[in-house]
Amino acid sequence: MNCSLCVGWISHRRLTPRRHAFRYRIGMFYLDLDEQAWLMGLSRWLGRWRLAPLCWRETDYLPAQTRHGESLAQAARLLVCQATGQMPEGPVRLLTQLRCWGLSFNPVSFYFCHDRDRRLTAILMEVRNTPWRERFHYVLPVQDNLATPFIVAKAFHVSPFMPLEMDYHLRFLLSTDHVRIHMQNWQGASKVFEADLALHRQPLNATALRRYVLTFPWMSLRTLLAIYWQALSLLLKRTPVHDHTTSQGDLALGQPCEDPEDVESHPER
């Protein structure tokens, strides 16, 4: 099976106009969307009931497509095809936080889309903002492997403390043991923000699910509360606030690039 439990750390570091940083323990799931039948029979801790300790519902994701009958895997493929002109026809694997005790909240979910030969061809990022409850999708076409970082112009208002006029620089590491995602926000030649997600992949089974629920009993709520707590901290530091801007469309295409900094990969951190 390709599904796994991912446990590690999420960290943010803001460099300007006010310095601010935090680091939290986090748990996520890496799910092969072809293995849903196996997943649903794994444990009583996981079900389709909304108020279950952990709930898996395709309609929590890409709702413009899945709530009209499209499978989640195919919905992800169609968005990639819309952006790149090429349909990934192989497995789709999703890195996300599951609905927890009725609450579904993911600042970002990552879809790793493969071709028929199981080669990774694109990464789809489904981004949500708080409190506007909007969604946006970035597509990153993979060339050969993940050694080359990506650049994409920011096209979606996420934080009121961050302007829209900037670029994202992203680097991914995906192995059998680790998932590492590093993002930097640049304004011209100046780096203003960076975030790092460093996860250790573990086998997904009934024991692991029970341990996850006991370790992260309110993961979705913790994530939501942390966002508002950090927002309050930024307000107290008199960080400038930017007006909410509505995006034109809901899809943007990134490109492989030469990153301005060499981002080292230390998944164990």
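To keep things clear, this report deals only with the structure shown in the data block. (Residues numbered from 1 in each chain as written. Predicted model: local features only at pLDDT ≥ 70, side-chain atom pairs only at ≥ 80, totals over all residues. Heavy atoms only, no water.)

1. Regarding empty space enclosed by the protein
Part 1: Taken as a whole and judged by the stated rule, the model has one cavity of 30 Å³ or more.
Part 2: Roughly 40 Å³ of volume is contained in the largest cavity.
Part 3: Contributing to the lining of the largest cavity are D60, Y61, S104, F105, N106, S109, E126, R128 and R135.
Part 4: Counted by class, the lining of the largest cavity contains two nonpolar, three polar and four charged residues. (1 Å grid on protein atoms, 1.4 Å probe; cavity = no way out; pocket = protein on both sides within 12 Å on 5 of 7 lines; lining within 4 Å. Points joined across faces, edges and corners; volume = space filled by probe spheres on them. Nonpolar A, V, L, I, M, F, W, Y, C, P; charged D, E, K, R; others polar.)

2. Considering the side chain of H114
Part 1: Tracing the chain through its elements places H114 in strand β6 (residues 108-114).
Part 2: Relative accessible area serves as the criterion here: at 6%, H114 is assigned to the buried category. (Helix = DSSP H or I, 4+ residues; strand = E, 2+ residues; numbered from the N terminus. Buried < 20%, exposed > 50% of the residue type's maximum accessible area, 1.4 Å probe, protein only.)

3. A short note on the pattern of salt bridges
Part 1: Within the structure shown, the criterion is met by nine salt bridges.
Part 2: As a salt-bridge pair, D60 and R99 come within 2.5 Å of each other at their nearest N and O atoms. Of this pair, D60 sits in the loop between β4 (54-55) and α2 (63-66) while R99 sits in the loop between β5 (92-96) and β6, and the two are 39 residues apart along the sequence.
Part 3: Overall, the relative accessible area of 6% leaves D60 in the buried class. (Salt bridge = Lys/Arg side-chain N within 4 Å of Asp/Glu carboxyl O.)

4. A short note on the side chain of N106
Part 1: Within the secondary structure, N106 is located in the loop between β5 and β6.
Part 2: In terms of polar contacts, N106 uses its side chain to reach the side chain of T96, at 3.1 Å.
Part 3: Sequence-distant contacts of N106, defined by excluding residues within four places in its chain, comprise Y61, T96, Q97 and R128. (Polar contact = N/O pair within 3.5 Å; in protein donor to acceptor, adjacent residues only side chain to side chain. Contact = heavy atoms within 4.5 Å.)

5. Topic: the sheet that holds β5
Part 1: Read from one edge of the open sheet, twelve strands run β13-β8-β7-β6-β5-β2-β1-β12-β11-β10-β9-β14, paired in mixed fashion. The open sheet has two free edges, formed respectively by β13 (251-253) and β14 (255-256), since each of these has just one partner strand.
Part 2: Pairing of β5 with β6, which is carried by four bridges, proceeds in the antiparallel orientation. By the bridge assignment, L94 is partnered in β6 with Y111.
Part 3: Sheet strands in contact with helix α4 (residues 206-215) are β1 (4-14), β2 (20-32) and β12 (190-203), and its direction is about 150 degrees off that of β2. (Pairing = 2+ DSSP bridges. Axes fitted to C-alpha atoms, helices over the stretch in contact; angles between N-to-C directions.)

6. Comments concerning the layout of surface pockets
Part 1: Of the pockets and cavities examined, the largest pocket occupies roughly 1,200 Å³.
Part 2: Together, 47 residues line the largest pocket, and H12, P107, V158, F193 and I227 are the ones closest to its centre.
Part 3: Counting residues per element, the ones that place at least two in the lining of the largest pocket are β1, β2, β6, β7 (120-128), β10 (167-174), β11 (178-187), β12 and α5 (219-236).
Part 4: If you tally residues by element for the lining of the largest pocket, the top one is α5, at nine residues.
Part 5: Across the lining of the largest pocket, the residue classes tally to 30 nonpolar, ten polar and seven charged.

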